[in-house]
Amino acid sequence: MTAADQELHFADAGEAADLAAFLARLIHYDRAAAVRLQAGGGVLAVFGRPPSFEVLAIRTARLEAIIGTDTTTATTTGAAGAAGALDTTVSAGELGDALDTARAGRTADGHEVRDRGLVVTVPKAVTGPPWAGVLPPRGGWRRVSGLPGVDEVHGAVAAAVAEFRARDAELPEERRTRAERDRIGHEIWSRTLGDTGLPLRAVHAAQSLGFLRPVRAAAPAATSAGGGVATATPGPTAEPLALLAAGGWLRLRTPYGSIAVRTSGLSGLSVTPA
């Protein structure tokens, strides 16, 4: 049975809508973006890599079930609670279209209620990019101290953006090239946030992908797939931000998703300047 034979039964249509928004942001940075899907323990984890930031972005949503249908016998297999019930790489655009189609169908039927479930067909698998084979560990995460508060984090991003714009504006015309702007950007975004070792580009990615918006009151947060890789739609008491480390990775966890960076062993995902 292939992933294309499977359906994702989301427990909350609102989480599916948030996932669709996340996919749209990924596509904004890369129209050919692919995402890796992993499900287990009643949660779907979606991994993507916006190219402008050189980080992994993770969004989750709670599942009621994963249904696989054999077209010859019409039997169903799989369950949301089964470990490894789904692990595939698909087009972000096709998954987004599948979510939009399912949501449009609910609206047409007059059943558009945010806290009710949604059934989405998994798109066919695609050949995954190299990053899709190197994901953060499933467990063993420990808290890292020193992460500033939410206001300070927003301030650090704003200051970095302002510095980039100012330095870009000061460039003489003959030096205003893509290479020079990339050099300035790499210098700024490779700086670390306080004493944490987390590069500023990880925080910038979290903001750009909508992970740093204010927490809304919602259903209780789900346990994330694979031992805590990310958090599903948060509840009113969700922790604003946390910094975790495991197996050569740092992860900024927010109520709406996580941003992970590799601290060693993989070119292009290091947290220190080249």
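The structure we're discussing is the one just above.
Residues numbered from 1 in each chain as written. Predicted model: local features only at pLDDT ≥ 70, side-chain atom pairs only at ≥ 80, totals over all residues. Heavy atoms only, no water.

**Some thoughts on the pairing of strand β3 (residues 43-48)**
As a reminder of what qualifies: Relative accessibility decides the category of a residue: with a 1.4 Å probe and only protein chains considered, values under 20% of the type maximum give buried, values over 50% give exposed, and everything between is partly exposed. Secondary structure follows DSSP: runs of H or I at least 4 residues long count as helices, runs of E at least 2 residues long count as strands, and numbering of each begins at the N terminus. In this analysis, strands are considered paired if DSSP registers two or more bridges between them.
Within β3, six of the six residues are buried, leaving the element largely enclosed by the surrounding structure. Residues Val43, Ala45 and Phe47 point to one face of β3 and Leu44, Val46 and Gly48 to the other, with burial holding for every one of them. Bridge count for strand β2 (residues 34-40) against β3 is five bridges, and the pairing is antiparallel. Directly across from glycine 40, in β3, lies its bridge partner valine 43. From the end of β2 to the start of β3, which pair antiparallel, there are two residues, and glycine 41 there has a positive phi angle of about 65°.

**Thoughts on the pattern of salt bridges**
We count it as follows: Counted as salt bridges are all cases of a side-chain nitrogen of Lys or Arg within 4 Å of a carboxyl oxygen of Asp or Glu.
Scanning the model with the defined rule gives 15 salt bridges in all. Ionic pairing is found between arginine 178 and aspartate 182, a salt bridge with its closest N-O pair at 3.2 Å. Here aspartate 182 and arginine 178 lie together in helix α4 (residues 178-189), a separation of four residues that amounts to about one turn. Note on arginine 178: relative accessible area 64%, which makes it exposed. Note on aspartate 182: relative accessible area 41%, which makes it partly exposed.

**Describing the layout of surface pockets**
Operational definition: Cavity means a closed set of points on a 1 Å grid over the protein atoms alone, one where a 1.4 Å probe fits but cannot get out, pocket means an open set with protein on both sides within 12 Å along at least 5 of 7 lines, and lining means a residue has an atom within 4 Å of a point. Grid points are joined across faces, edges and corners, and a volume is the space filled by probe spheres set on the points. Amino acids are sorted into nonpolar (Ala, Val, Leu, Ile, Met, Phe, Trp, Tyr, Cys and Pro), charged (Asp, Glu, Lys and Arg) and polar (every other residue, Gly among them).
Computed from the structure, the largest pocket encloses a volume of approximately 600 Å³. If you trace the largest pocket, you find 18 residues lining it, with Ser52, Asp182, Gly185, His186 and Trp189 closest to the centre. The element contributing the most residues to the lining of the largest pocket is α4, with six residues. In terms of residue class, the lining of the largest pocket is made up of six nonpolar, six polar and six charged.

**Let's talk about helix α3 (residues 150-170)**
Which entries qualify depends on this criterion: Any helix carries an expected span of 1.5 Å times its number of residues minus one. Think of it as the arc spanned by the lines of direction from the helix axis to the C-beta atoms. Should any heavy atoms of two residues lie within 4.5 Å, those residues are considered in contact.
Taking 1.5 Å of rise per residue, the 21 residues of α3 would be expected to cover 30 Å, and the 31 Å separating its terminal C-alpha atoms lies within 8% of that figure. Listed in full, the buried residues belonging to α3 are Val153, Val157, Ala160 and Asp168. Each buried residue of α3 sits inside an arc of 65° when the element is viewed along its axis, so together they form one side. Seen from the buried face of α3, the exposed residues on the opposite side, beyond 90 degrees, are Asp151, Arg165, Ala169 and Glu170. Packing partners of the buried residues in α3 comprise α4 and α5 (200-208).

**Some points on the packing of aromatic side chains**
Note the threshold: Side-chain rings of Phe, Tyr and Trp, where Trp is taken by its six-membered ring, are said to pair if the distance between their centres is within 6.5 Å; with planes under 30 degrees apart they count as stacked, over 60 as edge-to-face, and otherwise as tilted. Counting as a charge over the ring demands two things of the Lys NZ or Arg CZ atom: a distance within 6 Å of the ring centre and an angle within 35 degrees of the ring normal.
Inspection of the entire model under this criterion finds two aromatic pairs. Arranged with centres 5.2 Å apart and planes meeting at 80°, the rings of tyrosine 29 and phenylalanine 53 form a pair that is edge-to-face. Here tyrosine 29 is found in helix α1 (residues 13-29), whereas its partner phenylalanine 53 is found in the loop between β3 and β4 (56-69), with 24 residues between them in sequence. Judged by its relative accessible area of 6%, phenylalanine 53 falls in the buried class. If you follow arginine 213 out to its NZ or CZ, it ends over the ring of tyrosine 256, 3.7 Å from the centre. The positively charged end of arginine 251 is found above the aromatic ring belonging to tryptophan 141, 4.4 Å away from the centroid.

**Remarks on the nonpolar core**
Our working rule: As used in this record, nonpolar core signifies buried Ala, Val, Leu, Ile, Met, Phe, Trp, Tyr and Cys residues forming a set joined through side-chain atoms within 4.5 Å.
Phe10 and Leu44 are the most contacted members of the largest nonpolar core, which has 58 residues in total. Counting residues per element, this core draws most heavily on α1, at seven residues. For phenylalanine 10, the contacting residues outside a window of four places in its chain are Ala16, Leu19, Leu44, Ala61, Arg62, Leu63, Glu64, Leu99, Gly117, Leu118 and Val120. If you look at the next biggest cluster of nonpolar residues, it comprises twelve residues, including Phe47, Ile58, Ala132 and Trp249.

Function-wise, these values are silent; they only describe arrangement.
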